[in-house]
Amino acid sequence: MSTSMRAVELVRFGDADTAFAVRELPRPAPGPGQVLVRVLATSVNPLDLQTRRGDYRDELELPAVIGNDVSGVVVETGPGAGDFQPGDEVWYLAPIFAGQGTYAEFHVVDQDLVARKPARLSHVEAAGLVLVGMTVWEALVERAAVRPGERVLVHGGAGGVGSIAVQVAAALGAEVVTTARARDHEFVTGLGAGTAIDFSAGDYVPRVRELGGVDVVLDTVGGDTLARSPEVLADRGRVVSIVDIPEPQNLLAAWAVNATYHFVFVSPGRAKLEAIGRLVDKGELRPVIGAVVPLDDIAQAHTLLEGGSAGEGRGRPRGKIAIAVHPREAADQ
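Just so you know, these numbers come straight off a predicted model, no measurement behind them. (Residues numbered from 1 in each chain as written. Predicted model: local features only at pLDDT ≥ 70, side-chain atom pairs only at ≥ 80, totals over all residues. Heavy atoms only, no water.)

Q: In this structure, what is going on with the pattern of salt bridges? I would like to understand it.
A: Summed over all chains, the structure comprises 21 salt bridges. Across the pair R286 and E125 runs a salt bridge, and its minimum N-O distance is 3.0 Å. Of this pair, R286 sits in the loop between α9 (270–281) and β14 (289–294) while E125 is found in helix α3 (residues 123–143), placing the two residues 161 residues apart along the sequence. When its relative accessible area of 15% is taken as the criterion, E125 is described as buried. Here the residues in one salt-bridge network are R6, E105 and D296, joined through shared partners. (Salt bridge = Lys/Arg side-chain N within 4 Å of Asp/Glu carboxyl O. Helix = DSSP H or I, 4+ residues; strand = E, 2+ residues; numbered from the N terminus. Buried < 20%, exposed > 50% of the residue type's maximum accessible area, 1.4 Å probe, protein only.)

Quick look at the structure:
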């Protein structure tokens, strides 16, 4: 096996078309308790856009390989890493801002963070589900503790996180309300939403109130959307936000409804992945892949996620944008 690998490095903060460079780097080697994985697919997330722009410049030194989703095949194990064998198909979330990222042909990770890939998913699909799936699981199950019969409002149901949140909330037995553009209403109701509200046509709050309010709000937008969450909450409702809050928020209205707030920055771990995998195995969850681009075109993937010119004027694709590191193998199930 070659001692080098192809990778995409972030070489400067700024626009996607000037930020990255494709380079040959040394292939990493697994240490104690670690596995070396041949990355077949990864994906691009809003966190990647923020990192590229320089929002987290204090967390990494350039040049750096970024990215956190992996679906691939174990090729080597380190001392004491007995949970997996070469040839095992795996998926995992790489630790955020800790070591090399996943825009590369190989990646080393502690075996405790790795799970076996669901057989029903291709590697492209699996890579598109890792971070968003774990985020949604932590938000709706571990934090909000959604119960059957509750009503859940998911903002941005056609997006990468939202499309998974709608499905997970429905699988938990909740009545799902989501915001999405009118053109996406059939899509989000097909995922399990009972009510879709066109956020571009006016204020969503009166419509949600007509339904009787909601028990849980999943905020994927931040800003005014987060600030207005108490206006749609039932008494003792819960708000879970996955968005950075750069500006102070006035949450006094939350007192009137005895609201509980949770702010989620997802952490890696096998247990969450295995739980998500069980939903996949039961046919209750399927990732939505809006576009697949090759590793060398990371800049295009970032531009697509931003809804720029690469989207041909249509805005960002529905669901996730996956990166096929090895396109032919990544599409195999």
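Q: When you look at the packing of aromatic side chains in this model, what are you seeing that I'm missing?
A: Given two aromatic rings, one states the distance between the centres and the angle between the planes to describe the pair. If you walk through the whole model with that rule in mind, you get 3 aromatic pairs. Consider the rings of F20 and Y103, whose centres lie 6.3 Å apart with planes at 55°: the pair is tilted. Remark: Y103 occurs in the loop between β5 (89–93) and β6 (106–110) and F20 occurs in strand β2 (residues 20–26); sequence separation between them is 83 residues. The exposure class of Y103 is buried, given its relative accessible area of 0%. Between R27 and the ring centre of F106, over which it is positioned, the NZ or CZ distance is 5.9 Å. (Phe/Tyr/Trp six-rings, centres within 6.5 Å; stacked < 30°, edge-to-face > 60°. Lys NZ or Arg CZ within 6 Å of the ring centre and 35° of its normal.)

Q: Quick question: what am I supposed to make of the sheet that holds strand β10 (residues 195–197) here?
A: Backbone-to-backbone hydrogen bonds join strands into a sheet, with any given pair of strands oriented parallel or antiparallel. Across the sheet, 6 strands lie side by side as β10-β9-β8-β11-β12-β13; this open sheet has parallel pairing. Because the sheet does not close on itself, it has two edges, and the strands there are β10 and β13 (260–263). Ignoring strand direction, the axes of neighbouring strands in this sheet form an average angle of 15°. Bridging between strand β9 (residues 175–179) and β10 involves 3 bridges; their strand directions are parallel. Residue pairing across strands places V177 opposite T195, the latter belonging to β10. Sheet contacts for α3: β8 (151–154), β11 (214–219), β12 (233–241) and β13; angle to β11, the most-contacted strand, approximately 155°. (Pairing = 2+ DSSP bridges. Axes fitted to C-alpha atoms, helices over the stretch in contact; angles between N-to-C directions. Contact = heavy atoms within 4.5 Å.)

Q: I keep staring at the nonpolar core and nothing clicks. Help me out?
A: Where a protein is soluble and globular, its nonpolar side chains tend to be buried together. One finds W91, Y92, Y103 and L140 to be the most contacted residues of the largest nonpolar core, which totals 89 residues. Considering every element that reaches this core, the biggest residue donor is α3, with 10 residues. (Core = buried A, V, L, I, M, F, W, Y, C linked by side-chain atoms within 4.5 Å.)

Q: Would you mind showing me how to read helix α4 (residues 160–171) here?
A: Owing to its 3.6 residues per turn, the α-helix brings residues three or four apart onto one side. Across its 12 residues, α4 extends 17 Å between first and last C-alpha, which sits within 8% of the 16 Å expected from 1.5 Å per residue. Counting buried positions along α4 gives 10 out of 12 residues, so the element sits mostly inside the fold. Residues of α4 that are buried include every one of G160, V161, G162, S163, I164, A165, V166, Q167, V168 and A169, and no others. Just past α4, the residue G173 takes up positive phi, approximately 90°. (Expected span 1.5 Å × (residues − 1).)

Q: Got a minute to help me understand unusual backbone geometry in this structure?
A: Negative phi values dominate among residues other than glycine, just as trans dominates among peptide bonds. Here the residue pair L62 and P63 is connected by a cis peptide bond, since its omega of -5° sits within 30 degrees of zero. Here P63 is to be found in the loop between α2 (46–53) and β4 (69–77). A positive phi angle is found at A145, which is not glycine, with a value near 50°. Inspection of the secondary structure puts A145 in the loop between α3 and β8. Looking at A145, the relative accessible area reads 35%, which means it is partly exposed. Unlike most non-glycine residues, N258 shows phi in positive territory, near 55°. Topologically, N258 is positioned in the loop between α8 (253–256) and β13.

Q: I would appreciate a short explanation of the side chain of T178 in the present structure.
A: Mapped onto the fold, T178 is located in strand β9. By relative accessible area, T178 is classed as buried at 0%. Within polar-contact distance, the side chain of T178 engages the backbone oxygen of V154 at 2.7 Å. Not counting chain neighbours up to four residues away, the residues in contact with T178 comprise L153, V154, G156, G157, V166, V188, A193, T195, A196 and I197. (Polar contact = N/O pair within 3.5 Å; in protein donor to acceptor, adjacent residues only side chain to side chain.)

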